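Breakdown of the fold
Okay, here's what each chain looks like letter by letter:
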Amino acid sequence: MNGNMKSLFPMKPSPETQDIARPQRFFEDRFGMTSSLLERLLGSALVGRVEDADLYLEYRVDEELLLEEGAVKKASRHVSQGAGVRAQSGERTGYAHTDDVTLGSLEEAARQARAIAERAASDAVVAVKPDRRPHDLYSLAVTPVAADVSGKVALLRRIDEAARGADPRVRQVIASLSSEEQIILIATASGWTVGDVRPLTRLSVTVIAEQDGRREVGSYGGGGRVPFDFFLEEERWKRFAGTAVKQALLKLRAVEAPAGTLTVVLGPGWPGILLHEAVGHGLEGDFNRKKVSAFAGRIGEPVASPLVTVVDDGTLPNRRGSLNVDDEGTATGRNVLIENGVLRGYMQDRLNARLMGMAPTGNGRRESYAYPPMPRMTNTFMLAGEDDPEDIIRSVPYGLYAVAFSGGQVDITNGKFVFSASEAYLIEDGKLTAPVKGATLIGSGPEVLKRVSRVGRDLSLDEGVGTCGKDGQSVPVGVGLPTIRVDGITVGGTQV
Amino acid sequence: MRELLTGLLERARQRAATEADAYLVEEQHSSVQVRLGKVETVTHSREQRLALRGFAGKASASASTSDLSRESVERLVDEAVGLARLTAPDPVAGLPDPGECASTVPDLALEDPGGHGLTPEEKIAIARQAETAALEVDPRITNSEGAEFFERRARYAYATSHGFFGSYPTSSFGLTVSPVASANGEMQRDSWYTFTRKRARLDAPEDVGRIAGRRALRRLGARQVKTCEVPVIFDPETAASLVRALAGAASGPGLYRGTSFLLDRLGTRIAAPAVTVVDNGTLPEALGSRPFDGEGLAIGKTVLVNAGTLESYLLDTYSGRKLGLASTHHAARDGGGVGVATTNLYLAAGETSPQDLIGSVKSGLYVTELIGFGINMVTGDYSRGAVGQWIENGEVAYPVEEVTVAGNLLQMFQAIDGVGNDLVLRDRTSAPTLRIARMVVAGN
């Protein structure tokens, strides 16, 4: 695994840019939110009447640039700031938020949160400080929002030229660059505060190609908690543009996808979305506490082939799904979900961990101050096996080889999940033949990994494009997979 | 609100913006969630967002902020105007002509001031009633993901440097219930909802709960079917998703970028003659109604598809100019600028009862839920996961899961050979039950 991962994480944070105290200073300077004020706010309003309480301060800047028809015609910049106050008693959560970061508004929000939660009388147990220190996974000398806009505009223009120059059939290029910086500070009733500064950027390229009246689309991109220069290094921007063009051109000659149950080989990287949908969501603590997940109560049981080990790891430097601390202040970890086929653990936030008598795992996340946290994934991937990826394809007499997907979804309760292939090929007699049109693959989460018969040695993580939605909250995530063979999954094509 | 917006536009003018428009939304939201009778989460929020679009000649940019302090508002103008200097000029960019703006702001009764007076206890009671009704449907309804009651109150204001100003308030109320049925180690979840602008128009909580319970229950015992090509019936909820996809393809930005399967199809047959699709933003009290669009243009009624012929696209001023057409007054705002959105979108009712549509199928699939994102908007290729009931000799025989339905949206709309008489405007996009002559159902 290390061999593959090294090339993906070129930017080791340098010690002189580390600045864990920055969020505290930021909210103090900008809003007058000193730690003694926060302590007083939480203390007087909440302590002794609820079991757990916290305050979440957030300041976020987003910048979006969009190129279409050969020019960057859309640019926008957004500032969001606000605070969320949470109080908990038993299973009850009171949550109030405001975008007015003043003492008066926060006192009002704290009062509302407490009123909501304190209806259940119980012995007060105030949260204890976690023993793990925050990580330092993405300190950057120049953050992506701070980088010069004209350099970004110039890069988008170069992408347009490169994609159009790659093939005369390219008709349209749409390229977008989003950059973000989120500064958070979390204060709890027991008097400790922890902050994080989270950069994030993503470059996306979409290409439309046309031939003989047929039009097709190809998309590619990447990013992470990295500086803008990440896209220039190793000419990543050129590879993203080239891959989008290649995908669109391939689809121009794609044949109908087969319909029915087939052997499917998944390529490395982004096809790890299989894990995110098939097992990831089903292993989030809230669904298991409520016993509405198909995986509820199955820790220790076999849920996958012995070849399969799946982890969720929020501690990988510079990855899109990584966090120094989660949105409750718990340091993220490397959590083994499935080990050699056996279900080992769930992903937890503080509430669900407390109610299930387990430890928080650093998976308590929220989209923004406007939402209470819940258990979410970070970077979810399968560990490498020993097979040669070429051998895996050669082992299949007839099947599908899928390398790119457009998205997925799962029904937690019955375990059925889908993910939609956007680039796939037929395998005939162990060889890749025709590219096929997009098709949705459907399977059963607790069953599909039992059919994994080969695991390649080529684990890679995705390029940094994933966004996960749950209960209306979106958070950035990562996935990863080595090449694997699945003996039987339903492919939703049109060729009967 | 008016002062804030006109002050912002004046500052933009001082900073050399040639034209500008500004948009403000203020909202309050609250929700209660109960699960198995106990209160789980209660939330309360207050939010605002101010957005500015500034033009420097023919170049434009947008900025927005949730901080309405003087300093922040000044920075907003500087950022929008500064960014506009870095973007490329675009010959068709600009506000609509002032004469096109709505001359009056009609009252569409979108607010329910009296509806917001419920105490938290009363909201909890409504959610509990709905969940209890779901749990009482059958002993096999053993668990629940909970019930939620929510309300939202908002005020929108919009102003342009040409002098247009309009504002309007809205209310919305909703209730959802998600029970879980189980038997023989199998678990199935389903849900039902009610969503309105006037609280008194919400369906009774007991009815919402009962329907949710029955929906979860009817999924027990679900199995795969053999891969086949059969007639497929979409229930109103899943049929609405087909209409939503069609409207997405008819939206201006996808057309001028060439990313839509409806490109160059205006005036041509794109659906069966039984298909008429309408977008009407003027319906009083309706969820999708608004008195003017995101550029201050009057809202009206647009016939997208008339008896199978594509009669209109959905356009804002910019995408209209790109296509050489007039705006259809479908501009929508978010912080990032101007896009296109539908209002109340529906496929007009036919004359056949849903029972007769099911009765007309010898062997086929009745779809009640779709999952996944398997729609290619460039080609119309369609492949999604489906849940539903198998139809055998005109009757519902057994529940089905872990199958996909696949085809191509253009071919699917042309193959609609039955339109139900059961249209109800339950949400912003609605449809009656639809029968599609043939689709590929993939299973085992």
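Residues numbered from 1 in each chain as written. Chains lettered and ligands numbered in written order. Predicted model: local features only at pLDDT ≥ 70, side-chain atom pairs only at ≥ 80, totals over all residues. Heavy atoms only, no water.

**Digging into the packing of aromatic side chains**
All names here are of chain B. For clarity, the cut-off: Note on ring pairs: Phe, Tyr and Trp rings are taken, using the six-membered ring of Trp, and paired if centres are within 6.5 Å. Classes follow the plane angle, with under 30 degrees stacked, over 60 edge-to-face and the rest tilted. Starting at the N terminus, helices and strands are each numbered in turn, a helix being any DSSP run of H or I of at least four residues and a strand any DSSP run of E of at least two. Working definition: with a 1.4 Å probe on protein chains only, accessible area under 20% of the residue-type maximum means buried, over 50% means exposed, and in between means partly exposed.
Enumeration over the complete set of coordinates arrives at 19 aromatic pairs over all chains. With 5.5 Å between their ring centres and 80° between their planes, Tyr-256 and Tyr-318 make a pair best called edge-to-face. Of this pair, Tyr-256 sits in helix α6 (residues 252–256) while Tyr-318 sits in helix α7 (residues 317–323), placing them 62 residues apart in sequence. The pair Tyr-256 / Tyr-318 is uniform in exposure class, with both members buried. Put simply, the rings of Tyr-23, Tyr-156, Tyr-158, Phe-164, Tyr-168 and Phe-292 touch in pairs and so form one group of aromatic residues.

**Some details on the packing of helix α1 (residues 2–14) of chain B against helix α2 (residues 70–84) of chain B**
Any two packed helices are characterised by the angle at which their axes cross and by the distance between the axes. All names here are of chain B. Going by this rule: Structural elements are reduced to axes, namely lines fitted to C-alpha atoms, with helices fitted over the stretch in contact, and the angle between N-to-C directions of any two is expressed from 0 to 180 degrees. Note on angle classes: values under 35 degrees are labelled roughly parallel, values over 145 roughly antiparallel, values of 65 to 115 roughly perpendicular, and the remainder oblique. In a left-handed crossing the near helix is turned counterclockwise from the far helix by less than a right angle, and in a right-handed crossing that turn is clockwise. The contact definition used throughout considers only heavy atoms, calling two residues in contact when any of these lie within 4.5 Å. In this count, Pro and Cys sit with the nonpolar residues alongside Ala, Val, Leu, Ile, Met, Phe, Trp and Tyr, while Asp, Glu, Lys and Arg are called charged and the others, Gly among them, polar.
At their nearest, the axes of α1 and α2 sit 9 Å apart, and the two run at 45° to each other. As summarised for this structure, α1 and α2 are arranged oblique, according to the angle between their axes. The hand of the α1/α2 crossing is right-handed. Residues Leu-4, Leu-8, Arg-11 and Ala-12 of α1 touch α2, and the partners they reach there are Val-73, Glu-74, Leu-76, Val-77 and Asp-78. Taken together, the residues of the contact of α1 with α2 break down into six nonpolar, no polar and three charged.

**Description of the interface of chain B and chain A**
Under the convention used in this document: Buried area adds together the accessible area that both of two parts lose upon being put together, with accessible area traced by a 1.4 Å probe. Here, a salt bridge means any Lys or Arg side-chain nitrogen found within 4 Å of an Asp or Glu carboxyl oxygen. Under the rule applied, a polar contact is a pair of N or O atoms within 3.5 Å (in protein, one hydrogen donor and one hydrogen acceptor; residues adjacent in sequence only if both atoms are side-chain atoms).
Residue-level contacts link 76 residues of chain B with 72 residues of chain A. Carbon and sulfur atoms supply 50% of the area buried between chain B and chain A, which totals about 5,900 Å² over both sides. When the area that chain B buries against chain A is broken down by residue, the three leading residues are B:Glu40, B:Arg257 and B:Glu402, summing to 11%. Counting across the interface, chain B meets chain A through ten salt bridges. Close ionic contact of B:Glu401 with A:Lys416 constitutes a salt bridge, the shortest N to O distance being 3.2 Å. Counting across the interface, chain B meets chain A through 42 residue pairs in polar contact (both at pLDDT 80 or more). The element that contributes the greatest number of residues to the side of chain B that touches chain A is strand β2 (residues 38–56) of chain B, accounting for twelve residues.

**Details of the pairing of strand β10 (residues 301–306) of chain B**
All names here are of chain B. We apply this condition: If DSSP finds at least two bridges between two strands, the strands pair.
Here strand β9 (residues 277–280) runs beside β10; their pairing, made up of four bridges, is antiparallel. The residue bridging Val-278 from the neighbouring strand is Val-303, located in β10. Summarising the sheet, β10 and strand β11 (residues 309–310) pair through two bridges and their orientation is antiparallel. Bridge pairing in β11 links Asn-306 to Thr-309. Connecting β10 to the next strand, β11, in antiparallel fashion are two residues, including Ala-307 with a positive phi near 45°.

**Digging into the sheet that holds β10(B)**
Spatially, five strands are ordered β11-β10-β9-β14-β19 (chain B) in an open sheet, and the strand pairing comes out mixed. Of all the strands in the sheet, the pair left with one neighbour each is β11 and β19 (429–430) of chain B.

**Some thoughts on empty space enclosed by the protein**
Filter applied, for reference: Using only the protein atoms, space was sampled on a 1 Å grid; points where a 1.4 Å probe fits but cannot get out form cavities, open sets with protein on both sides within 12 Å along at least five of seven lines form pockets, and lining residues are those with an atom within 4 Å of a point. Grid points are joined across faces, edges and corners, and a volume is the space filled by probe spheres set on the points.
Applying the stated criterion across every chain, the model contains four cavities of 30 Å³ or more. Taken as a whole, the largest cavity holds about 280 Å³ of empty space. When residues of the lining of the largest cavity are traced back to their parent elements, those giving at least two are β2 (71–89) of chain A together with β2, β3 (59–65), α6, α7 and β13 (337–340) of chain B. At four residues, β3(B) tops the list of elements feeding residues into the lining of the largest cavity. Here the residues of the lining of the largest cavity sort into ten nonpolar, seven polar and eight charged.

**Section: the domain arrangement of chain A**
Residues and elements named next belong to chain A. Rules: What marks off one domain from the next here is an automatic or database domain assignment.
Split by domain assignment, chain A resolves into domain 1 (2–252) and domain 2 (259–492). Centre-to-centre separation of domain 1 and domain 2, based on C-alpha positions: 22 Å. If you look at the interface, domain 1 gives 61 residues, while domain 2 gives 51 residues. When domain 1 packs against domain 2, close to 4,500 Å² is buried across both sides, 50% of that on carbon and sulfur atoms. Seen at the junction of domain 1 and domain 2, the total is six salt bridges. The interface formed by domain 1 and domain 2 holds 28 residue pairs in polar contact (both at pLDDT 80 or more) in total. For the side of domain 1 that touches domain 2, the elements supplying multiple residues, two or more each, are α1 (2–8), β1 (52–68), β2, β3 (92–98), β4 (170–188), β5 (193–211), β6 (214–224) and α6 (236–252). Partitioning the side of domain 1 that touches domain 2 into residue classes produces 23 nonpolar, 18 polar and 20 charged.

**Brief notes about helix α5 (residues 149–166) of chain A**
The cut-off we apply is this: How far a helix is expected to stretch is found by multiplying one less than its residue total by 1.5 Å. Each direction from the helix axis to a C-beta atom contributes to the arc, which is the arc of those directions.
Taking 1.5 Å per residue as the helical rise, α5(A) with its 18 residues ought to reach 26 Å, and the 26 Å between its terminal C-alpha atoms agrees with that figure. Listing the buried residues of α5(A) in full gives A:Val149, A:Lys152, A:Val153, A:Leu155, A:Leu156, A:Ile159, A:Asp160 and A:Ala163. Across the axial projection of α5(A), the buried residues extend over an arc of 160°, all falling on one side. For α5(A), exposure combined with an orientation more than 90 degrees from the buried face picks out A:Glu161 and A:Gly165. Tucked inside the fold, the buried residues of α5(A) contact β1, β2, β4, β5 and α6 of chain A together with α2 of chain B.

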